[in-house]
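The primary structure of each chain is shown beneath.
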Amino acid sequence: MKNLITDIFGLSVGHAQDERLGSGVTALIFESPAIASVAIHGGAPGLRDTGLLEPGMTVERIDALVLSGGSVYGLDSMGGAVAFLRESGRGFAVRDIKVADRAGCRAF
C-alpha cells in the first residue's frame, strides 16, 4: 500500500493530459456501483449531473466519477466514460435498457 487512490480495491483509475494546453482529466471507474453524495463549494463550479447526488434525490450510487476542468472541454470529457460504461452494459436501469448518463457517470 502506498496510500494512493489506486490502492482502493475495485477501483480503476485512468488519466490523460495535454501539457501544451495545460489540461487533463482523471476517470475513476468502480468495479461495482459505489455509494456517493455531493457537496458543492466555491464561486464558479463547472458541473455535470452532480445535482442528482444531492441529499433528497433518488441517485445514491455511481459507476464512475470524472474529474476535469470545468470548461466545455473538461465537462465533455465525461462522454468517454459514459461510452465505456454503455459498452460495458452498465448504468441506471430504465425498463429493459441501461441509461449510461446518471450523476457523475452512474453513468457518472
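This text goes with the structure placed above it.
Because the structure is predicted, anything quoted here is derived from the model rather than measured.

**Student:** Describe the pairing of strand β2 (residues 23-35), naming the residues involved and giving the relevant values.
**Tutor:** Here strand β1 (residues 11-18) runs beside β2; their pairing, made up of eight bridges, is antiparallel. Paired with L11 across the strands is F30, a residue of β2. The turn linking β1 back onto β2 is made up of four residues, and G22 within it adopts a positive phi angle of 65°. Both β2 and strand β3 (residues 61-68) contribute to a ladder of seven bridges, which runs antiparallel. Among the inter-strand pairings, T26 is bridged to a residue of β3, identified as L67.

**Student:** Describe the sheet that holds β2, and please don't skip the residues or the numbers.
**Tutor:** The strands making up a sheet associate through backbone hydrogen bonding, with each pair oriented either parallel or antiparallel. Pairing is antiparallel in the open sheet, where three strands are placed in the order β1-β2-β3. In this open sheet, the two edge strands, each paired with only one partner strand, are β1 and β3. Across this sheet, the average inter-strand angle for adjacent strands is 10°, counted without regard to direction. Together, β2 and β3 form the strand contacts of helix α2 (residues 78-87), whose direction differs from that of β3 by roughly 150°.

**Student:** Talk me through the environment of V82; I want residue IDs and the actual numbers.
**Tutor:** Counting through the fold element by element, V82 comes out in helix α2. We classify V82 as buried; its relative accessible area is 8%. Each C-alpha atom of the pair V82 and D63 lies 9.5 Å from the other, and the pair is 19 residues apart in sequence.

**Student:** Give a description of unusual backbone geometry that names residues and reports values.
**Tutor:** Although it is not a glycine, N3 sits at a positive phi angle of roughly 60°. On the secondary structure map, N3 appears in the segment before β1.

**Student:** Pulling in residues and values, what's your account of the pattern of salt bridges?
**Tutor:** A full pass over the atoms with the stated rule returns one salt bridge. Of the charged contacts in the structure, one is a salt bridge between D63 and R90, with a shortest N-O distance of 2.7 Å. Residue D63 is located in strand β3, and its partner R90 is located in the loop between α2 and β4 (92-94); the two are separated by 27 residues in the primary sequence. Across the pair, exposure class does not vary: D63 and R90 are buried alike.

Thresholds, definitions, all that
Residues numbered from 1 in each chain as written. Predicted model: local features only at pLDDT ≥ 70, side-chain atom pairs only at ≥ 80, totals over all residues. Heavy atoms only, no water. Pairing = 2+ DSSP bridges. Helix = DSSP H or I, 4+ residues; strand = E, 2+ residues; numbered from the N terminus. Axes fitted to C-alpha atoms, helices over the stretch in contact; angles between N-to-C directions. Contact = heavy atoms within 4.5 Å. Buried < 20%, exposed > 50% of the residue type's maximum accessible area, 1.4 Å probe, protein only. Salt bridge = Lys/Arg side-chain N within 4 Å of Asp/Glu carboxyl O.

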